[in-house]
Structure formats: structure tokens, C-alpha cells
Amino acid sequence: MTNIHLLGAPIEEGAGRRGCIMGPAAYRTAGLAEELASLGHEVVDLGDAQRDEVDALETEYTHLKLLPQVAGWARSLHRHAYDLAKQDVLPIYLGGDHALSMGTVTGHVAAAAELGLPQFVLWLDAHSDFNVPASSPSGNIHGMPVAFACGLDGFPDILGKPLPAPLESRNVCMIGLRSVDGMERDLLQASDALAYDMRAIDEHGIAKLLLPFLDQVAAADGLLHVSLDVDFIEPDIAPAVGTTVPGGATFREAHHIMEMLHDSGLVTSLDLVELNPFLDDRGRTARLMVDLTASLFGRRVLDRRTQSY
Ligand SMILES: NC(=[NH2+])NCCC[C@H](N)C(=O)O
Ligand SMILES: [Mn+2]
Ligand SMILES: [Mn+2]
């Protein structure tokens, strides 16, 4: 039994298209809390976080879109995440676009650093979200949270203070990549992040990529934050996302990852991001995300002990 706390993060200003503001409501409508409770967990819905008011920030990168709004969300979510990380609960952040991870990841890294524990991040996404302002072709800040959390140069004062502790890029594992921008690719390859594209899944399968990373987290006695972007999944089955890229993870691959994460017992926090209910087809993407989350929290078809392999 896990004590799960749900926090809505209805940010949409980091994405190029509007609609993620409706994400938290869609997860609630799709029955996320009830589903997790039916698996035997204690679930508390904290409602939605509020954005801080932030004035214009100084930066030479004028193409950054809606920067004060994104910074307001990052500051608020950073505080929430830091507080939740210090409690004996497992937070699930209901996005909201992926810029929300600028707050959640940095909050968890800051709390982990104070506890003297290494913080790991599993990034399930079609994109590496490793742009810095200078490399971003779009100016959409949801393409930048990993670079920001790792402390790369060139960002304005998004948190309103220096990063309390940078995320170590060697503690990051990305799976599902199939859209990385030109300069972003150079930055990613110069970092120590483990990054697997779809070809790696095709050639090796999920288990072979994920197990060594989970072993590394366990060996380091680390904390594990999972950030699940809807566009990680094949858009045919998960259409409610503004940045679809064909060739995503299948239903089976996505559930397989979630089941392995459950079995590992290592996950300590989770972001569900980029759900855009405005683009959904009768709630199917919201329901799929709820089902995947249920797999991560223990739903399974058979008990392993009853199987003969
Ligand atoms: N979280 C996301 N969906 N990110 C998409 C980013 C797309 C592109 N790399 C950009 O920076 O604009
Ligand atoms: Mn993303
Ligand atoms: Mn993405």
C-alpha cells in the first residue's frame, strides 16, 4: 500500500498549443484516484496548484514564449515538489505541459540532495526536452526542462533563485526518443544522460534497456522520478497530445515499462504530462494514461506465481 498524493498542475503556457490546462480535470474524470484506490492504495487529491505571479524576466532570448507564466508555474511546483518529497508520500503530478517538470524535478532533486540521496529520472518521451534557450527552434519552454534541471547555461532566472542542486545527467535515462532538434542533439550527446531511441527498443526490447538502469538506481539506493509524456506512446492509440510523432511505444511496450517499474519498487514520484484533452477522442488517451498509471501501481493480469515460465 502506497500513500499517493495527486497534485494538479494545469500549466499550458510551456506548450505551443493550448489545452493542457484541462489535463488534471481529464485525469479526474477518467477516474485516476478511484482506480488507484481500488488497487489498495491510500489516495489523497490535493487539488490543483496555483501559479505564482512573476514579472517579466531578464533574458536575451526574446523568443521564449510566455516566460513569466512558465516561471510562475515552475516556482510554485518547485515548492510543492520539495515539500511532498520530504513527506512519506508518493506524489503524482497531473499535467499540464512538460514545462511543469522544471518545478517538479528540481524540487525533488533539491530535497534528495538534502537527504544525501541520489535522485534519478526516467524520461519517457518522443523528445529529449534538452533544449536550452539558444538551441530551441520553437521557443516553447516545454522542450527544455531536462536541460534546465541539469543546470545547463543560458536560462533566465526561472526559479527566482539559483538551482538548489543540479540533476546529474548521468542519473537520467530517456526512452522513446524519435524527435530531437539539431543543436539539442549535440547538447544531449555531450551530456552523460542515457538516451534510447525507438530503434533501441526495436532491437533490444524494453527490458534490456530498462533493467540496467533500475539496477543502477537500486545499487545507489537512489530515488526515482518518472516523467511520462503522452507522446511517448504511439499517436494512433494516444492522440491527445499537441506534439505527436509517429512510431511511438506500443500499448504493450508502455504497459511493460509500467509493470517493470512496479516490480522494481523504486519509483518515488511521477509526472503525467502533455495530455491535451481538447485533442482527445472520447477520453481514450486520458483512460489509457490512467490504465498505464494503474499498471505502475500494481495492476496486473495474473499473479506471477501462478505462471509457469
Ligand atoms: N514536452 C514536449 N512535448 N516537448 C516537445 C519539444 C519539441 C521541440 N524539441 C521543441 O523544443 O520545440
Ligand atoms: Mn516532453
Ligand atoms: Mn514529448
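Residues numbered from 1 in each chain as written. Chains lettered and ligands numbered in written order. Predicted model: local features only at pLDDT ≥ 70, side-chain atom pairs only at ≥ 80, totals over all residues. Heavy atoms only, no water.

A. Expanded view of the sheet that holds strand E7 (residues 223-229). What the 8 strands build is an open sheet, ordered E2-E1-E3-E8-E7-E4-E5-E6; its pairing is parallel. The sheet terminates laterally at strand E2 (42-48) and strand E6 (194-197), the two strands that pair on one side only. The mean angle between the axes of side-by-side strands here comes to 15°, regardless of whether they run parallel or antiparallel. Looking at chain direction, strand E4 (residues 119-124) and E7 are connected through 6 bridges and run parallel. Looking at E7, one finds that Trp 123 is bridged to Ser 227. Its contacts with the sheet put helix H8 (residues 206-219) on E4, strand E5 (172-177), E6 and E7, and the angle it makes with E4 is roughly 160°. Each of strand E3 (90-95), E7 and strand E8 (267-273) is contacted by helix H10 (residues 284-296), which is oriented at about 175° to E8, the strand it contacts most. (Pairing = 2+ DSSP bridges. Helix = DSSP H or I, 4+ residues; strand = E, 2+ residues; numbered from the N terminus. Axes fitted to C-alpha atoms, helices over the stretch in contact; angles between N-to-C directions. Contact = heavy atoms within 4.5 Å.)

B. Representation of the coordination of the manganese ion (ligand 2) in the model. Only His 98 (ND1), Asp 125 (OD), Asp 129 (OD) and Asp 229 (OD) from the protein reach the manganese ion (ligand 2) as donors, at distances of 2.0 to 2.2 Å. Between consecutive donor residues of the manganese ion (ligand 2), the sequence gaps follow H-x26-D-x3-D-x99-D. A gap of 3.2 Å separates the manganese ion (ligand 2) and the manganese ion (ligand 3), which Asp 125 links by coordinating each metal. With Asp 125 in the loop between E4 and helix H5 (145-149) and Asp 229 in strand E7, the pair connects residues that are 104 residues apart, well separated along the chain. Asp 229 matches Asp 125 in its accessibility class, with the two residues each being buried. (Donors = N, O, S within 2.8 Å, 3.2 Å for Na, K, Ca; no water. Buried < 20%, exposed > 50% of the residue type's maximum accessible area, 1.4 Å probe, protein only.)

C. View of unusual backbone geometry. In the segment running from Gly 95 into Gly 96, the intervening peptide bond is cis, with an omega of 5°. Mapped onto the elements of the fold, Gly 96 is located in the loop between E3 and helix H4 (101-115). The backbone of Leu 66 shows a phi angle near 50°, a positive value even though the residue is not glycine. A positive phi angle, close to 55°, is found at Asp 221, a residue other than glycine. Along the polypeptide, Asp 221 turns up in the loop between H8 and E7.

D. Region of the structure containing the packing of helix H9 (residues 251-264) against H10. Relative to each other, H9 and H10 sit at 35°, their axes nearing to 7 Å. Of the residues in H10, those in contact with Phe 251, Ala 254, His 255, Met 258, Glu 259, Leu 261 and His 262 of H9 are Leu 288, Asp 291, Leu 292, Ser 295 and Leu 296. Within the contact of H9 with H10, the residues separate by chemical class into 7 nonpolar, 3 polar and 2 charged. (Nonpolar A, V, L, I, M, F, W, Y, C, P; charged D, E, K, R; others polar.)

E. Focus on the confidence of the model for the protein chain. Of all residues in the protein chain, 99% attain a pLDDT of 70 or more, and the chain-wide mean is 97. Prediction confidence for the complex, expressed as pTM and ipTM, is 0.98 and 0.97 respectively. (pLDDT = per-residue confidence, 0-100.)

F. Just the packing of aromatic side chains, in detail. Per the stated rule, a full pass over the model turns up 2 aromatic pairs. With 6.0 Å between their ring centres and 70° between their planes, Phe 120 and Phe 213 make a pair best called edge-to-face. Of this pair, Phe 120 sits in strand E4 while Phe 213 sits in helix H8, and the two are 93 residues apart along the sequence. As far as burial versus exposure is concerned, Phe 120 and Phe 213 are alike and both buried. On the numbers, 5.2 Å between centres and 75° between planes, the contact of Phe 148 with Phe 155 is edge-to-face. (Phe/Tyr/Trp six-rings, centres within 6.5 Å; stacked < 30°, edge-to-face > 60°.)

G. The coordination of the manganese ion (ligand 3), seen in detail. At this site the manganese ion (ligand 3) is bound by Asp 125 (OD), His 127 (ND1), Asp 229 (OD), Asp 231 (OD) and Asp 231 (OD), with donor distances of 2.0 to 2.5 Å. Read in sequence order, the donor residues coordinating the manganese ion (ligand 3) give the pattern D-x1-H-x101-D-x1-D.

H. Broad picture of the nonpolar core. In terms of nonpolar packing, the biggest core is built from 51 residues, with Ile 92, Leu 122, Ile 175, Leu 224 and Leu 261 touching the most fellow members. The contact partners of Leu 122, leaving out residues within four places of it in the chain, are Cys 173, Ile 175, Leu 210, Phe 213, Leu 224, His 225, Val 226, Ser 227 and Leu 261. Residues Leu 57, Met 144, Val 172 and Ala 193 belong to the second largest nonpolar core, which totals 44 residues. (Core = buried A, V, L, I, M, F, W, Y, C linked by side-chain atoms within 4.5 Å.)

I. Up close: the layout of surface pockets. In this model, the largest pocket occupies a volume close to 510 Å³. The wall of the largest pocket is formed by 19 residues, among which His 256, Glu 259, Asp 263, Arg 300 and Arg 304 lie closest to the centre. Those elements that provide at least two residues to the lining of the largest pocket are H8, H9 and H10. For the lining of the largest pocket, the element with the highest residue contribution is H9, accounting for 7 residues. When the residues that make up the lining of the largest pocket are grouped by side-chain class, the tally is 7 nonpolar, 5 polar and 7 charged. (1 Å grid on protein atoms, 1.4 Å probe; cavity = no way out; pocket = protein on both sides within 12 Å on 5 of 7 lines; lining within 4 Å. Points joined across faces, edges and corners; volume = space filled by probe spheres on them.)

J. Expanded view of the packing of H8 against H9. Relative orientation of the contacting elements H8 and H9 amounts to 25°, with a least axis distance of 11 Å. Classed by the angle they form, the pair H8 and H9 counts as roughly parallel. The element H8 and its partner H9 pack so that their crossing is right-handed. In contact with Ile 206, Ala 207, Leu 210, Leu 211 and Leu 214 of H8, H9 contributes Glu 253, His 256, Ile 257, Met 260, Leu 261 and Ser 264. Grouping the constituent residues of the contact of H8 with H9 by class yields 8 nonpolar, 2 polar and 1 charged. (Parallel < 35°, antiparallel > 145°, perpendicular 65-115°, else oblique. Left-handed = near helix turned anticlockwise from the far one by under 90°.)

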